[in-house]
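# Notes for the structure review
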Amino acid sequence: MPMTSIVLAVIVGLIVGALIIYMVMNSKANGKVKSAHEQADKLIHEAEQQANEIKKDAQAQSKESMLAAKEEILKQKQLAEEEEKQRNQDIRERENRVSQREASLDRRSNTLDKREEQISSQQSSIDKKHNEVNRILNQTQNELERVAAMTSDEAREKLLNDVKESVTVKSAAIIRDAEQRTKQEADKTARKIVSLAIQRVASDQANDITVTSVHIPSDELKGRIIGREGRNIRTFEQLTGVNLIIDDTPETVVLSSFDPVRREIARVALENLISDGRIHPARIEEMFNKATETVNEQIQEAGDQAAFDANIHDLHPELIKILGRLRYRTSYGQNVLKHSLEVANLAAIMASELGLDEKIAKRAGLLHDIGKAVDHEIEGSHAVIGGDICRRYKENPIVTNAVEAHHNDVEPQSEYAYLVMAADAMSAARPGARRESAENYIKRLEKLEEISNSHDGVERTYAMQAGREIRVMVRPEDISDAQAVVLAHDIAHQIEDEMEYPGQVKVTVIRESRATDYAK
């Protein structure tokens with residue numbers, strides 16, 4: 001608010017106050033009017049003096065504020081002028097630098113133009129020289145072709161053929177030399193090589209057949225087998241420990257159990273009951289006892305016969321009895337007892353070739369799967385179970401280790417363990433030995449022929465001796481004698497890399513030259 005307005009407001013206030021006082025005093029007593037006028041004049045005078053003083057103070061403060069504002073404006077103006085001056089100076093410096101760079105670029109551009117002209121001139125000279133060189137080379141090549149009486153492509157092909165023939169001959173010589181050295185050292189290293197090589201053919205354990213089907217003359221017998229309120233079938237299952245399954249399959253009932261001996265006893269008892277026709281709990285118990293005696297006798301006979309066939313006469317009687325139980329055990333359709341006899345013979349043959357003890361090898365081979373006779377009763381791998389059985393009946397430690405190590409459940413400690421591994425795998429991989437092997441056998445033969453036919457120069461291929469030998473017929477005009485040696489080596493090496501097989505595969509390359517003429 002301006003100072004004049006403040007002063008006027010103060011004056012008006014004082015006048016109003018004086019009037020109020022005057023009126024009050026006039027109402028109280030007329031006698032005091034004069035003194036009141038005097039007092040009012042005095043107050044008015046004092047108020048005018050105070051107002052003048054206030055006005056003077058306000059004017060002085062206003063002048064000071066205007067001076068301070070002017071000083072601040074001058075100061076800001078000076079700062080702005082200095083900043084503008086500095087900015088103009090920076091602009092001039094930048095313009096100078098830009099001018100210098102433009103000059104430098106102009107100089108470089110002129111230099112590059114000169115160099116480009118020089119390079120163009122040199123390139124023209126080089127092109128002329130290159131054309132001259134090509135012309136000379138063409139003349140030289142034409143002259144050489146004229147002298148040699150063949151084109152450059154023919155000369156290149158001839159050179160490559162000469163080099164290839166030379167390399168092939170040297171390769172054949174190296175292969176023959178390596179084969180001769182290998183044969184010379186075979187007697188010393190045969191045991192180690194065979195022991196290590198035959199590990200690759202070990203196979204996994206197979207699952208057993210767990211059901212047996214029994215034929216019945218008619219479906220009417222199913223009701224008699226079940227009996228009143230199921231008492232016959234319940235008695236049969238309690239005695240044999242085998243599940244008797246009777247369903248809608250015509251003229252057939254099924255026996256199910258993981259124990260092959262129990263399943264066989266149940267089969268014999270059921271067939272005897274069906275033949276007899278009298279089916280009731282007492283008769284079932286009688287037939288079960290007879291079947292148990294019959295099967296136990298068959299087990300003992302089977303064990304004795306297996307030991308006799310293997311020419312092993314000092315087996316523990318309990319081992320013979322357990323061995324006989326394998327007659328009723330199958331693996332992928334292969335009878336385990338027959339498989340054990342085959343493994344024993346294979347191991348003995350290989351031991352003889354390696355100069356080892358045939359009897360120990362045959363004994364280990366015969367007992368290697370003995371754990372399968374009781375593996376449904378004891379938890380664990382059949383190999384480890386078999387080792388524990390052999391150890392319990394004081395079997396030879398070497399035989400025991402071979403039995404429990406033939407599936408690598410424990411570390412092999414002798415050559416006989418590796419022999420049993422190999423013999424086990426060969427018996428299982430023999431064509432027709434197991435149900436799943438027939439298809440794999442055919443695939444192996446096809447793969448052998450496919451590998452051989454993939455090589456250049458091969459006319460026909462024949463896989464023989466259950467895939468243990470392959471004969472390769474080659475075209476004599478494409479394959480030389482030296483190349484035939486290299487081809488046999490290449491095929492054998494490819495078979496080793498791409499296939500898995502028991503034993504070894506013999507590769508024979510046959511190169512036959514025929515000359516034919518006619519007498520007229």
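Residues numbered from 1 in each chain as written. Predicted model: local features only at pLDDT ≥ 70, side-chain atom pairs only at ≥ 80, totals over all residues. Heavy atoms only, no water.

## Quick notes on the overall build of the protein
Scanning the protein from N- to C-terminus turns up 15 helices and eight strands. For the protein, with 520 residues in total, the buried portion stands at 33%. When contacts within the protein are restricted to residue pairs at least 6 apart in sequence, those whose partners lie at least 24 apart make up 61%. As presented, the protein carries roughly 33,800 Å² of accessible surface, and 50% of it is formed by carbon and sulfur atoms. (Helix = DSSP H or I, 4+ residues; strand = E, 2+ residues; numbered from the N terminus. Buried < 20%, exposed > 50% of the residue type's maximum accessible area, 1.4 Å probe, protein only. Contact = heavy atoms within 4.5 Å. Areas by Shrake-Rupley, 256 points an atom, 1.4 Å probe, with all protein chains shown as cover.)

## Concerning the side chain of His406
Along the chain, His406 falls in the loop between helix 12 (397–405) and helix 13 (415–429). Classification of His406 as buried rests on a relative accessible area of 0%. Separated by 2.6 Å, the side chain of His406 and the backbone oxygen of Val403 make a polar contact. Separated by 3.4 Å, the side chains of His406 and His407 make a polar contact. (Polar contact = N/O pair within 3.5 Å; in protein donor to acceptor, adjacent residues only side chain to side chain.)

## Re the pattern of salt bridges
Tallied over the entire structure, the rule returns 18 salt bridges. When the shortest N-O distance is used, the salt bridge between Asp276 and Arg278 registers 2.9 Å. Between Asp478 and Arg475 there is a salt bridge, and its shortest N-O distance comes to 2.7 Å. For Asp478, a relative accessible area of 40% corresponds to the partly exposed category. Since its relative accessible area comes to 28%, Arg475 is described here as partly exposed. Through salt bridges with shared partners, a single network forms among Asp276, Arg278, Arg283, Glu286 and Lys290. (Salt bridge = Lys/Arg side-chain N within 4 Å of Asp/Glu carboxyl O.)

## What about the sheet that holds strand 3 (residues 252–256)?
Taken together, the three strands give an open sheet; going across it, the order is 1-3-2, and neighbouring strands pair in antiparallel fashion. The open sheet has two edge strands, strand 1 (211–215) and strand 2 (243–245), and neither has a second partner. When strand polarity is set aside, the average angle formed by the axes of neighbouring strands in this sheet is 25°. Pairing geometry for strand 2 and strand 3, over three bridges, is antiparallel. Bridge pairing in strand 3 links Leu244 to Leu255. Of the strands in this sheet, strand 1, strand 2 and strand 3 are in contact with helix 6 (residues 260–276), which crosses strand 1 at around 10°. (Pairing = 2+ DSSP bridges. Axes fitted to C-alpha atoms, helices over the stretch in contact; angles between N-to-C directions.)

## A closer look at the nonpolar core
One finds Leu315, Leu366, Leu367, Ile389 and Leu419 to be the most contacted residues of the largest nonpolar core, which totals 44 residues. Elements with a contribution of two residues or more to this core: helix 7 (281–309), helix 8 (317–325), helix 9 (336–354), helix 10 (358–367), helix 11 (382–392), helix 12 and helix 13. No other element matches the nine residues that helix 9 contributes to this core. Residues Val214, Ile225, Ile279 and Tyr328 belong to the second largest nonpolar core, which totals 26 residues. (Core = buried A, V, L, I, M, F, W, Y, C linked by side-chain atoms within 4.5 Å.)

## Section: the side chain of Thr252
Relative to the helices and strands, Thr252 is located in strand 3. Residue Thr252 is classed as buried on the basis of its relative accessible area, which comes to 18%. Those residues in contact with Thr252, other than ones at most four positions away along the chain, are Ser213, Val214, Ile216, Lys222 and Asp247.

## A word on unusual backbone geometry
Phi angles above zero are rare outside glycine, and Glu251 is one such case at about 55°. Take Glu251: it is sitting in the loop between strand 2 and strand 3. Classification of Glu251 as partly exposed rests on a relative accessible area of 35%.

## Focus: the pairing of strand 1
Here strand 1 shows a buried face lined by Thr212 and Val214 and an unburied face lined by Val211, Ser213 and His215. Inspection of the sheet shows strand 1 paired to strand 3 by five bridges, in the antiparallel sense. Looking at the pairing, Ser213 lines up with Val254 of strand 3.

## Considering the sheet that holds strand 8 (residues 506–511)
Ordered in space as 6-7-8, the three strands form an open sheet in which the pairing is mixed. Because the sheet does not close on itself, it has two edges, and the strands there are strand 6 (458–464) and strand 8. Adjacent strand axes in the sheet meet at a mean angle of 20°, parallel and antiparallel pairs treated alike. Strand direction decides the pairing type here: strand 6 and strand 7 (residues 469–474), joined by six bridges, are antiparallel. Bridge pairing in strand 7 links Met464 to Glu469. Each of strand 6, strand 7 and strand 8 is contacted by helix 15 (residues 481–498), which is oriented at about 155° to strand 8, the strand it contacts most.

## Remarks on the pairing of strand 7
Here strand 7 lies mainly inside the structure; five of its six residues are buried. Where strand 7 meets strand 8, six bridges bridge the pair, whose relative direction is parallel. Considered in strand 8, the bridge of Arg471 is made with Thr508.

## Re the packing of helix 11 against helix 12
At a minimum axis distance of 7 Å, the contact between helix 11 and helix 12 shows a crossing angle of 165°. As judged from the angle between their axes, helix 11 and helix 12 are roughly antiparallel. Considering how the two elements wind past one another, helix 11 and helix 12 form a crossing that is right-handed. Contacts between helix 11 and helix 12 involve Ala383, Val384, Gly386, Gly387, Cys390 and Arg391 on the former and, on the latter, Thr400, Val403 and Glu404. A per-class count over the contact of helix 11 with helix 12 returns four nonpolar, three polar and two charged. (Parallel < 35°, antiparallel > 145°, perpendicular 65-115°, else oblique. Left-handed = near helix turned anticlockwise from the far one by under 90°. Nonpolar A, V, L, I, M, F, W, Y, C, P; charged D, E, K, R; others polar.)

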